[in-house]
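# Coordinate inspection notes
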Amino acid sequence: MKLVLMGYMGSGKSVLAKDLSEKTGLDWLDLDAYIESKEGLKINQIFKEKGEIYFRLIEHKYLKEILCNKNNLIIATGGGTPCYSGNIAIINQNAVSIYLKGSIQTLAERLINEKETRPLLKNIKEEELKSFIAKHLFERNSFYNQATFTVSVDNKTVEKISNEIITLLN
Ligand code: S3P
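This report concerns the structure included in the present document.

What counts and what doesn't
Residues numbered from 1 in each chain as written. Predicted model: local features only at pLDDT ≥ 70, side-chain atom pairs only at ≥ 80, totals over all residues. Heavy atoms only, no water. Axes fitted to C-alpha atoms, helices over the stretch in contact; angles between N-to-C directions. Helix = DSSP H or I, 4+ residues; strand = E, 2+ residues; numbered from the N terminus. Parallel < 35°, antiparallel > 145°, perpendicular 65-115°, else oblique. Left-handed = near helix turned anticlockwise from the far one by under 90°. Contact = heavy atoms within 4.5 Å. Nonpolar A, V, L, I, M, F, W, Y, C, P; charged D, E, K, R; others polar. Core = buried A, V, L, I, M, F, W, Y, C linked by side-chain atoms within 4.5 Å. Buried < 20%, exposed > 50% of the residue type's maximum accessible area, 1.4 Å probe, protein only. Arc of directions from axis to C-beta. Near = heavy atom within 4 Å. Polar contact = N/O pair within 3.5 Å; in protein donor to acceptor, adjacent residues only side chain to side chain. Areas by Shrake-Rupley, 256 points an atom, 1.4 Å probe, with all protein chains shown as cover.

In this section: the packing of helix α1 (residues 13-24) against helix α8 (residues 158-169). In helix packing, the relevant descriptors are the interaxial angle and the interaxial distance, both defined with respect to the helix axes. Taken N-terminus to C-terminus, the directions of α1 and α8 make an angle of 60°; their axes are 10 Å apart at the nearest point. On the basis of their axis angle, the class for α1 and α8 is oblique. For the crossing formed where α1 meets α8, the hand is right-handed. Two secondary-structure elements touch here, α1 through V15, L16, D19, L20, K23 and T24 and α8 through V158, E159, I161, S162, N163, I165 and I166. Grouping the amino acids of the contact of α1 with α8 by side-chain chemistry returns seven nonpolar, three polar and three charged.

As structure tokens, this is what we get:
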């Protein structure tokens, strides 16, 4: 079984993948970390030195590599992964996908202190963060909404969300 966690930046994909891995015994992998190890560069550096188009190309390549060659795995994708290069179709053909859905308020609260680590948010002013997220989500929702299951993450603990996902899978 392959499980793909998707959702906007700050929705908790990696934390949940780790927690679900402990609960289910399945291995877990973070796509961004996989890209960093394969390329020998941090995501920030890839965006800065090679640009977003290059990042999307390799994100697609490594996603396929993982989905086609590995089994029994939980994959935490990057926030944009399902929204480019036909990735959502490849994800749904090879795995069960979960959209971790956060409200604009929840995502903005979580991301306000983490802007620097994310190339797409780095140059967004604090006061513009919520409207940026709102517009970005509007563009991305049609991809996220193709997930096999959607789970709301607002005001819930990791434990609660993990248990909800496990119930959905059973
Ligand atoms: C991105 C999200 C990031 C990372 C890259 C692009 C996006 O992952 O893949 O900075 O397009 O939303 P996280 O969602 O883990 O921050």
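Moving on from the coordinates now.
Moving on to the nonpolar core. By size, the foremost hydrophobic cluster in this structure holds 36 residues, and its most contacted members are Y8, I35, L67, L111 and I133. Those elements that provide at least two residues to this core are β1 (2-6), α2 (31-39), α3 (43-50), α4 (52-69), β3 (73-76), α5 (87-94), α6 (104-111) and α7 (129-144). With six residues, α4 is the largest single contributor of residues to this core. Filtering out sequence-adjacent residues up to four positions away, L67 remains in contact with K2, V4, I75, I90, I91, N94 and A95.

The subject of this paragraph is α5. If you check which residues of α5 are buried, you get N87, I88, I90 and I91. Take α5 and look down its axis: the buried residues cluster within an arc of 160°, on one side only. Buried residues along α5 sit in contact with β1, α4, β4 (96-101) and α7.

Turning next to α3. Among all positions of α3, only I43, I46 and F47 are buried. Buried residues of α3, seen end-on, are gathered within an arc of 95° and therefore sit on one face of the element. Of the residues in α3, the exposed ones pointing more than 90 degrees away from the buried face are K48 and E49. Where α3 is buried, its residues touch α2 and α4.

Surveying the vicinity of the ligand reveals 14 residues, the closest of which are K13, D32, R56, R118 and R140. Measuring from an oxygen atom of the ligand, one finds a side-chain N or O atom of D32 at 2.8 Å. Here an oxygen atom of the ligand and a side-chain polar atom of R56 are 2.7 Å apart. Starting from 390 Å² of accessible surface for the ligand in isolation, the protein chains cover 93%. Breaking the shell around the ligand down by element, the ones donating at least two residues are α3 and α4. Here the shell around the ligand is composed, by residue class, of six nonpolar, three polar and five charged.

Worth remembering: the numbers are spatial, not functional.
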